[in-house]
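Letter by letter, the chains look like this.
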Amino acid sequence: MAVSKQVNAASDAERMCPHRLVLEHVTSRWGVLVLLELLERPYRFSELRRAVGRYGRDVSEKMLTQTLQTLERDGMVHRDAHPVIPPRVDYSLTGLGREAAEQVRALTLWTEGRLGQVEEARRAYDEARALRSRAS
């Protein structure tokens, strides 16, 4: 019963604001890293898991599976299951996924280039806030 409520809630959100839901998928904690890695080349599941882990965050199999399924449903990721023993599944970006990944990469590069300014703004904000709270 709880699963059906979650599905209905997701469907309601999708109907109300579909572009926001796609944006959430693309910019999610793991979505960003998956898109950035797949922009470089196709990966097998375990390779992709290790590659994402190089960012300093280990992703669980469950979370990686959910992220890949979500991005596949949105048309960003292509899943190619080969009928061999042991099973082999390759993941790659679709044209739509490549376009989204390039946008994510541009935002990532912008963030890296502006991090110093952001840190300075945070410091100035925190100092000003501390002064205001002491004056109160």
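Read on for a plain summary of the structure. (Residues numbered from 1 in each chain as written. Predicted model: local features only at pLDDT ≥ 70, side-chain atom pairs only at ≥ 80, totals over all residues. Heavy atoms only, no water.)

1. Let's talk about the overall build of the protein
Helix and strand counts for the protein come out as six helices and three strands. Secondary structure elements of the protein, listed N to C terminal, follow the sequence α-α-α-β-α-α-β-β-α. Buried positions account for 26% of the 136 residues belonging to the protein. Taking contacts inside the protein between residues at least 6 apart in sequence as the whole, the part at least 24 apart equals 46%. If you sum the accessible surface of the protein, you get close to 9800 Å²; carbon and sulfur atoms cover 54% of it. (Helix = DSSP H or I, 4+ residues; strand = E, 2+ residues; numbered from the N terminus. Buried < 20%, exposed > 50% of the residue type's maximum accessible area, 1.4 Å probe, protein only. Contact = heavy atoms within 4.5 Å. Areas by Shrake-Rupley, 256 points an atom, 1.4 Å probe, with all protein chains shown as cover.)

2. What about the packing of helix H4 (residues 45-53) against helix H5 (residues 61-73)?
The contact between H4 and H5 brings their axes to 11 Å, and the two run at 105°. By the criterion of interaxial angle, the relationship of H4 to H5 is roughly perpendicular. Facing H4, whose interface residues are Phe45, Leu48 and Arg49, H5 presents Glu61, Leu64, Thr65 and Leu68. Residue composition of the contact of H4 with H5, grouped by class: four nonpolar, one polar and two charged. (Axes fitted to C-alpha atoms, helices over the stretch in contact; angles between N-to-C directions. Parallel < 35°, antiparallel > 145°, perpendicular 65-115°, else oblique. Nonpolar A, V, L, I, M, F, W, Y, C, P; charged D, E, K, R; others polar.)

3. As for the packing of helix H3 (residues 29-40) against helix H6 (residues 95-135)
The N-to-C vectors of H3 and H6 enclose an angle of 110°; their axes lie 9 Å apart at closest approach. Classified by the angle their axes make, H3 and H6 are roughly perpendicular. Crossing angle aside, the handedness with which H3 passes H6 is left-handed. Contacts between H3 and H6 involve Val32, Leu35, Leu36, Leu38, Leu39 and Glu40 on the former and, on the latter, Gly97, Arg98, Ala101, Glu102, Val104, Arg105 and Thr108. (Left-handed = near helix turned anticlockwise from the far one by under 90°.)

4. Re the layout of surface pockets
Estimated volume of the second largest pocket: approximately 430 Å³. For the second largest pocket, the lining is made up of 18 residues, of which Thr27, Val32, Val104, Leu107 and Thr108 are closest to its centre. For the lining of the second largest pocket, the secondary structure elements donating two or more residues are helix H2 (18-26), H3 and H6. Per element, the largest residue contribution to the lining of the second largest pocket is eight residues, and it comes from H6. Residue composition of the lining of the second largest pocket, grouped by class: 11 nonpolar, four polar and three charged. (1 Å grid on protein atoms, 1.4 Å probe; cavity = no way out; pocket = protein on both sides within 12 Å on 5 of 7 lines; lining within 4 Å. Points joined across faces, edges and corners; volume = space filled by probe spheres on them.)

5. What about the pairing of strand S3 (residues 88-93)?
Burial runs high along S3: five of the six residues are buried. Of the strand pairs in this sheet, strand S1 (residues 43-44) and S3 are connected by two bridges, and their pairing is antiparallel. The partner of Arg44 across the bridge, within S3, is Asp90. Pairing geometry for strand S2 (residues 77-82) and S3, over six bridges, is antiparallel. Bridging from a neighbouring strand, His78 pairs with Ser92 of S3. Counted along the chain from S2 to the antiparallel partner S3, the turn is five residues long. (Pairing = 2+ DSSP bridges.)

6. What about H5?
End to end, H5 covers 18 Å across 13 residues, agreeing with the expected 18 Å (1.5 Å per residue, within 8%). Structurally, H5 contributes buried residues whose contacts are with H2, H3, H4, S2 and S3. (Expected span 1.5 Å × (residues − 1).)

In short, the description is geometric, and any link to function would need to be established separately.
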